[in-house]
Amino acid sequence: MKGRWLMIAHHLPVRTRFRIPGLRHDPAGCEQVADRLAAVPGVREIKVRPYTGSVLIEHEPSVAISSLVDVMRDTLAIDRILAEGEKPPLDPDVPPFSTLAQKVVTAVRELDRDIRRGSDGTVDLGMLATLGLLGAGATEIAITGRLPVPPWFNLAWWGFRTFMTTEVSDASDDCGDAADDSG
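Below is a summary of the structure that appears in this document.

Conventions and cut-offs
- Sequence positions are assigned chain by chain, starting from 1 and proceeding in written order.
- At least 70 in pLDDT is required for a residue's local features to be given in this predicted model, at least 80 for side-chain atom pairs to be given and counted, and no such filter applies to totals for whole chains, interfaces and linings, which use all residues.
- In computing side-chain values, all of the structure's heavy atoms are included and hydrogens and water are not.
- Put simply, a nonpolar core is a bunch of buried Ala, Val, Leu, Ile, Met, Phe, Trp, Tyr and Cys residues held in one set by side-chain atoms that sit within 4.5 Å of each other.
- Here's how the labels work: a residue is buried when its accessible area is under 20% of the maximum for its type, exposed when over 50%, partly exposed in between, all with a 1.4 Å probe on protein chains only.
- Under the DSSP-based scheme used, a helix requires at least four consecutive residues in state H or I and a strand at least two consecutive residues in state E, with every element numbered from the N terminus.
- Any two residues whose heavy atoms approach within 4.5 Å are treated as being in contact.
- Any two strands with at least two DSSP bridges between them are considered paired.
- Working convention: axes come from line fits to C-alpha atoms, limited for helices to the stretch in contact. Angles between N-to-C directions cover 0 to 180 degrees.
- Any Lys or Arg side-chain nitrogen located within 4 Å of an Asp or Glu carboxyl oxygen qualifies as a salt bridge.

1. Considering the nonpolar core
Phe18, Ile20, Leu37, Val55, Leu68 and Met72 are the most contacted members of the largest nonpolar core, which has 18 residues in total. Breaking this core down by element, the ones donating at least two residues are α1 (27–38), β4 (54–59) and α2 (65–76). For this core, the leading source of residues is α2, giving five residues. Not counting chain neighbours up to four residues away, the residues in contact with Leu37 comprise Val43, Ile46, Val55, Ile57, Leu68, Val71 and Met72.

Here it is in structure tokens:
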């Protein structure tokens, strides 16, 4: 399997967790890892989760993390051990952030920046949209006297907001200089 890497999620004197995405949905690899780690002197228990690619090892304090890493590297032909805090490499099978999304993010950031500049930082696009939607909702309730199903613009805003909050790290990474919010 190409591009196998290992991340040390945490290491304590008696417990170590590795993340190996290459193990996801690989029951045979999971079994091999469990068998090889069980043979390491001082290892008490191994929990391998094929769905997440996680390996939890409970061991004696005398077990060196380097010996556990060596077993993992040899068993799975690991290409790379990530340093603490190092971002995992991008999966080549997952397409990059779309160019349309990049353009939308850039346009919305520019609009937000213009609003903040024009208001000397007292208002931003999110606040204006929130106040506008609250006002529109209150007006509709006052006119009709009932609580309606959310109108299309609320649903559109919620969809956009969900997109921006879940994709914020990808948007920041992929938009380069446009990600800089400095005024």
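That shown, we press on.
2. Quick word on the sheet that holds strand β2 (residues 15–19)
The pairing of strands in a sheet comes from backbone hydrogen bonds and takes either a parallel or an antiparallel form. Across the sheet, which stays open at both edges, the five strands sit in the order β3-β4-β2-β1-β5 with mixed pairing between neighbours. Sheet topology places β3 (43–49) and β5 (80–82) at the edges, where each strand pairs with a single neighbour. Neighbouring strand axes in the sheet, compared pairwise and without regard to direction, differ in orientation by 20 degrees on average. Inspection of the sheet shows strand β1 (residues 5–12) paired to β5 by three bridges, in the parallel sense. When the bridges of β5 are listed, Met7 appears paired with Leu82. Against the sheet, α1 makes contact with β3 and β4, and its axis sits at roughly 170 degrees relative to β3, the strand it touches most. Sheet strands touched by α2: β1, β2, β3, β4 and β5. Its angle to β2, the strand with the most contacts, is close to 30 degrees.

3. A few points about the side chain of Thr75
Inspection of the secondary structure assignment puts Thr75 in helix α2. Among the residues examined, Thr75 registers a relative accessible area of 15% and is labelled buried. Once residues lying within four places of it in the same chain are set aside, the contact partners of Thr75 are Gln32, Val33 and Arg36.

4. Thoughts on the pattern of salt bridges
If you walk through the whole model with that rule in mind, you get seven salt bridges. Measuring nitrogen to oxygen at the nearest pair gives 2.2 Å for the salt bridge that ties Glu86 to Arg80. Classification of Glu86 by relative accessible area gives partly exposed; the value is 28%. Of the charged contacts in the structure, one is a salt bridge between Arg116 and Asp112, with a shortest N-O distance of 3.1 Å. On the criterion of helical spacing, the pair formed by Arg116 and Asp112 is a turn pair, its members being four residues apart in helix α3 (residues 99–118).

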